[in-house]
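Analysis of the macromolecular model
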Amino acid sequence: MTARRVRDSHAGGIRLRQVRDLPRIRVAEPVVGMNSDPQQCSRSCTASNTTLFVVNLYAMKRGLSPFISCLVALAINAAAIPAGAQNNNPKPKTTQGTSRKQTQGTTTQAKAKPSPRAVASPPRRSSAEKTTPKGNESLQQRALAIQRRAIVVDTHNDITTPMTNDDFDLGGDPPVPYRTNIERMKKGGLNAIFFSLYIKPWYVKNGGAARRTLDMIDSVYRAVERHPNELMLANSAADIRRAKFQFKIACLMGIEGGHAIENSLPTLREFYRLGVRYMTLTWNNTNDWADARGDNTHNGLTDFGREVVREMNRLGMLVDISHVSDKTMSDVLDVSKAPVIASHSSARALSNVQRNIPDDLLKRIAKNGGVVQVNFYSLFVDQKTVAPQADARGEKLRAQQEALSTKYANDPERLAEESDKLEAQYPLPPLPISKLIDHIDHIVEVAGIDHVGLGPDFDGANDFPQGARDVSMLPNITVELLKRGYSEQDIQKILGGNFLRVFSQAEMVARKMSRTISGGGSTRRINR
Ligand SMILES: [Zn+2]
């Protein structure tokens with residue numbers, strides 16, 4: 001989660017949510033849907049008829065046994081791949097791009113070297129240029145075909161909050177201002193989702209951080225039990241692949257805020273046993289063993305913090321460095337034996353907020369073998385444009401927000417909910433999606449194509465770029481990447497391949513370090 005709780009990410013303004021006027025958004029922002037009517041696809045997608053069948057099976061799968069589904073999928077995928085979209089774009093595999101063109105007025109480069117990626121692609125269009133309807137259609141079909149073959153992973157989604165607070169059922173329409181449900185996940189071609197277990201700092205002061213984490217874990221189990229034909233609990237990279245072949249969405253969990261473990265390594269292990277597969281070491285609050293972004297209480301990680309990282313390595317729980325200070329990131333990169341992730345952070349060179357990652361650390365993450373999952377939240381995409389708007393909105397709503405804070409001082413969940421609803425009435429003007437894609441380009445340029453992925457922060461943030469506002473719109477990312485000349489191979493890495501590689505490597509490191517979960521693990525706790 002980011003925006004809803006990021007009031008301190010920019011100059012003091014209280015941040016607001018966008019209006020979640022879902023039907024209107026659907027009309028205003030055409031989305032390349034994954035489970036759309038096959039009729040819409042009739043003209044240009046003969047090559048992907050077989051894969052369309054896969055998608056239709058997705059809808060029909062109730063009657064099929066997983067085993068048969070698996071066999072059919074394997075056969076169909078094997079048949080579909082050679083006929084796929086990449087044939088239209090025989091681009092040599094160029095991974096490390098040089099800088100591309102002039103970027104929009106952000107803090108970054110004014111370099112204008114053409115990208116090898118763009119040079120190798122069909123005639124390059126500036127983002128302002130319109131494609132012909134026919135060109136657009138074939139681009140969208142290619143994007144859909146790629147999306148179907150890829151394993152698409154969202155590493156940070158905060159729909160878990162209403163699932164826990166209001167028992168929101170993912171099979172229904174999400175309550176305002178939330179946007180995630182199963183239908184949209186399918187439409188977006190999502191194969192795996194990390195439900196964020198975001199634990200507010202309130203629980204540090206008032207107690208109950210670990211219990212809140214357990215409550216959130218329960219909500220994820222409930223969702224999977226409610227929808228066994230569509231969702232599957234996943235604990236490993238292999239589980240994610242298995243879910244794909246069973247036409248199910250893999251459900252995983254990541255803790256956001258290391259204070260959840262209440263300073264206990266045994267508690268960390270309990271969360272691992274329950275299925276938690278990453279932990280963001282801090283949220284925006286520094287805890288007893290790691291500094292959060294912009295803070296320097298401990299000068300990075302304490303000794304106990306280092307032990308937490310080593311224990312996570314031993315378990316095979318991914319170490320997430322979103323939200324932490326630069327020095328904490330640096331310390332983690334010194335200590336971690338496994339590749340790390342930034343589950344929802346973007347590039348600081350393009351949007352100067354502390355939640356984003358500076359170039360020197362992007363390079364170190366690449367060296368470590370890790371991956372940066374780009375956050376879509378508008379402020380993190382373009383701070384220069386968005387911060388003044390968000391500040392003005394915060395000022396406008398200050399009195400009302402303060403009244404809510406007083407009213408719900410002892411009920412942090414209700415406070416956040418009411419605050420979100422208020423903010424939802426005042427959306428900011430959306431950014432163009434090209435500004436988001438610039439972050440992917442930048443990370444590819446600085447860290448390499450093997451170190452970038454998607455961690456949109458849907459339902460944890462308020463304002464998102466046009467065409468990238470909820471999980472159903474993920475195919476639009478693929479369309480934009482195709483426009484910029486990315487090959488299918490590279491797009492598959494970005495959509496989830498890179499994350500899967502990192503996840504598998506972390507599992508291998510764990511297997512080498514220990515055979516059991518408690519095994520030689522430390523029982524260290526900080527008792528206060
Ligand atoms: Zn967050």
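Predicted, not measured: the structure shown is a model, and the values here were computed from it. (Residues numbered from 1 in each chain as written. Predicted model: local features only at pLDDT ≥ 70, side-chain atom pairs only at ≥ 80, totals over all residues.)

On to the overall build of the protein chain. Summing up its helical and strand segments, the protein chain has 20 helices and nine strands in all. Put simply, the protein chain has 528 residues, and 55% of those count as buried. Across the protein chain, the fraction of contacts at a sequence separation of at least 24, relative to all contacts at a separation of at least 6, is 78%. (Helix = DSSP H or I, 4+ residues; strand = E, 2+ residues; numbered from the N terminus. Buried ≥ 20, exposed ≤ 12 C-beta atoms within 10 Å, placed from the backbone. Contact = placed C-beta atoms within 7 Å.)

With that settled, consider the nonpolar core. A192, L197, C251, L362, V372 and I443 are the most contacted members of the largest nonpolar core, which totals 124 residues. A total of nine residues in this core trace back to one element, the largest contributor, which is helix α20 (residues 488–513). Residues in contact with C251, not counting those within four places in the same chain, are I193, F195, V220, A223, V224, L231, M232, L233 and A234. (Core = buried A, V, L, I, M, F, W, Y, C linked by C-beta atoms within 7 Å.)

Along the chain, E507 falls in helix α20. Using a count of 19 C-beta atoms within 10 Å as the deciding quantity, one classes E507 as partly exposed. Distance in space between the C-alpha atoms of E507 and L318 is 8.8 Å, their sequence separation being 189 residues. Sequence-distant contacts of E507, defined by excluding residues within four places in its chain, comprise S236, A237 and G316.

A residue-level look at the protein chain finds 74% of positions with pLDDT of 70 or above and a mean pLDDT of 81. Ignoring residues within four places in sequence, the model shows residues 72–132, a span with pLDDT below 50, making 94 contacts including any to other chains. (pLDDT = per-residue confidence, 0-100.)

Each pair of packed helices gets described by two things: the angle between the helix axes and the distance between those axes. At a minimum axis distance of 10 Å, the contact between helix α18 (residues 433–446) and helix α19 (residues 474–483) shows a crossing angle of 70°. One finds that α18 runs roughly perpendicular with respect to α19. For the pair α18 and α19, the contacting residues are I433, S434 and I437 in the first and N476, E480 and L481 in the second. Its residues assigned to classes, the contact of α18 with α19 shows three nonpolar, two polar and one charged. (Axes fitted to C-alpha atoms, helices over the stretch in contact; angles between N-to-C directions. Parallel < 35°, antiparallel > 145°, perpendicular 65-115°, else oblique. Nonpolar A, V, L, I, M, F, W, Y, C, P; charged D, E, K, R; others polar.)

Another aspect to go through is the pairing of strand β2 (residues 192–198). Here β2 lies mainly inside the structure; seven of its seven residues are buried. Burial along β2 is two-sided: the face carrying A192, F194, S196 and Y198 and the face carrying I193, F195 and L197 are both buried. Here strand β1 (residues 153–157) runs beside β2; their pairing, made up of three bridges, is parallel. In the strand pairing of β2, V153 is matched with A192. (Pairing = 2+ DSSP bridges.)

Burial within strand β5 (residues 276–280) is extensive, with five of its five residues counted as buried. Note that strand β4 (residues 249–256) and β5 share four bridges and pair parallel. Pairing of E256 across the sheet is with T280, part of β5. One crossover worth recording links β4 to the parallel β5 by way of helix α11 (residues 265–274), and it is right-handed. With three bridges connecting them, β5 and strand β6 (residues 318–320) associate as parallel partners. Looking across to β6, one finds that M279 is bridged to V319. For the segment spanning β5, helix α12 (residues 303–315) and β6, crossover handedness is right-handed. (Right-handed = clockwise from strand over helix to strand, strands pointing away.)

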